Amino acid sequence: MSIRNTSSGTEPAKLERPAAAASWRTRLSWLSGLLVLAAVVTVALHFTELERFVELARNAHPAWLLGGLALQSVTYFAAAGVWWVPLRRRTQHPSYLSLIPMGLAKLFTDQALPTGGIGGTILVVQGLVRRRVPSGIAMSTLLLGMTSYYTAYAVAVAAALARMHSEGLLDGAVLAGAAGFACIVVAVPVAVLSMRRFMHRWPFTLAARIPALTVLLEAMHEARLQPRHDWAPFLASAALQLGVFALDAATLWVALRAVGSGASPTVAFVAFMLASVAATIGPMPLGLGTFEAASVAALHLQGQPLAVALTATLLLRGMTFWLPMLPGLILARREVAGHKDTAR
């Protein structure tokens, strides 16, 4: 859609400046995250032998790695179920399989554009509307998914902390991180749900002038949550979210087995959840560097050699973060193109 210029070229310039600033912020976020990741790998290799790390990575068992890829493919089915269950509850019947590519597209959008999940949320709302789901119901589905996500997240972290306590591994740093995580788990849903009530006040009226946010705010205004009737889909969505955490932790365990470790699945679960908490409360976008550092530290704390911990963590991130980038880009572009066609 072209923008009409009625002010001697100044209006497009005003629009280009925020876009250019956002582009530079995205590049800076990626650069800072990659620098932290490089620092983590350098420090870890300082305390272990580079030859050992290369040997582990080169001799990783292909069958276990294929198992990890299979586990990751199941996570996208579970993520689609988080949306499909409440949609069915509201008499919407989108194809289950059509929601799976949208989950992968959201994953790419959230990773490639560090916007706190807003970009991925807008993409999903537009994708559901394109699938003939009313925008209010689409937003209600996402709000239900958000609350179920943080509930499942809190339960999984509590289980990991309980396991660490039973092993006598809890310390002040872990408890401080858990406290910060608890604040985020409570603050984010409360802030989003409160925004629905006060969205017609400043500064939300200013945000509504941004074309992309207009879609999100309008859908949020039309959202109709039904607490008395949403318990069943909420519990089902929370169970599916827990399943995603379990599958991701299982992928880390498979990566450990691929490099010859005999660690138990609980070791991988604890390490994955602590790394996820570090990525959530850490300053780096996308958890680049902070996730890897926390995962390596948690695995080493539970008796895994540094070389094994680092290799398994990088294999995990390859399967969960880097590998889905290309298909996610393709599917995200397809979702955006489909939305434009529908708008026309």
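The rules behind these values
- Residues numbered from 1 in each chain as written.
- Predicted model: local features only at pLDDT ≥ 70, side-chain atom pairs only at ≥ 80, totals over all residues.
- Heavy atoms only, no water.
- Helix = DSSP H or I, 4+ residues; strand = E, 2+ residues; numbered from the N terminus.
- Buried < 20%, exposed > 50% of the residue type's maximum accessible area, 1.4 Å probe, protein only.
- Lys, Arg positive; Asp, Glu negative; His and termini not counted.
- Salt bridge = Lys/Arg side-chain N within 4 Å of Asp/Glu carboxyl O.
- Contact = heavy atoms within 4.5 Å.
- Axes fitted to C-alpha atoms, helices over the stretch in contact; angles between N-to-C directions.
- Parallel < 35°, antiparallel > 145°, perpendicular 65-115°, else oblique.
- Left-handed = near helix turned anticlockwise from the far one by under 90°.
- Nonpolar A, V, L, I, M, F, W, Y, C, P; charged D, E, K, R; others polar.
- pLDDT = per-residue confidence, 0-100.
- Phe/Tyr/Trp six-rings, centres within 6.5 Å; stacked < 30°, edge-to-face > 60°.

> Please give an account of the side chain of Asp-248 that cites residues and values.
On the secondary structure map, Asp-248 appears in helix α10 (residues 231-258). Despite being buried, Asp-248 has no salt bridge partner; Arg-317 is the closest side chain of opposite charge, sitting 9.0 Å away. Once residues lying within four places of it in the same chain are set aside, the contact partners of Asp-248 are Gln-72, Thr-75, Phe-272, Leu-316 and Thr-320.

> Can you break down the packing of α10 against helix α13 (residues 306-322) residue by residue, with the values?
Between α10 and α13, whose axes approach to 8 Å, the crossing angle comes to 130°. Classified by the angle between their axes, α10 and α13 sit oblique to one another. Here α10 and α13 pass one another in a crossing that is right-handed. Mapping the contact onto sequence places Asp-248, Thr-251, Leu-252, Ala-255 and Leu-256 in α10 and Val-308, Ala-312, Thr-313, Leu-315, Leu-316, Met-319 and Thr-320 in α13. Across the contact of α10 with α13, the residue classes tally to 8 nonpolar, 3 polar and 1 charged.

> Just give me the short version of the confidence of the model for the protein chain, but keep the residues and values in it.
Low pLDDT marks regions whose predicted coordinates should not be analysed in detail. Looking at the protein chain, the pLDDT average stands at 76 and 67% of residues meet or exceed 70. The lowest-confidence element of the protein chain is helix α1 (residues 10-46), averaging 51 in pLDDT; the highest-confidence one is α10, averaging 93. Predicted confidence is poor over residues 1-22, with pLDDT under 50, and the contacts of this stretch with residues over four places away or in other chains come to 6 contacts.

> Tell me about the packing of aromatic side chains, and please be specific about residues and values.
A full pass over the atoms with the stated rule returns 9 aromatic pairs. Relative to Tyr-153, the ring of Tyr-149 lies with its centre 5.5 Å away and its plane at 55°, an arrangement referred to as tilted. Placement of both Tyr-149 and Tyr-153 in helix α6 (residues 135-166) is noted, with a separation of 4 residues, approximately one turn of the helix. You can call Tyr-149 partly exposed: its relative accessible area is 30%. Aromatic side chains Tyr-153 and Phe-181 sit 4.6 Å apart centroid to centroid with 65° between the ring planes, which places their arrangement in the edge-to-face category. Placement of Tyr-153 in helix α6 and of Phe-181 in helix α7 (residues 172-198) is noted, with a sequence separation of 28 residues between them.

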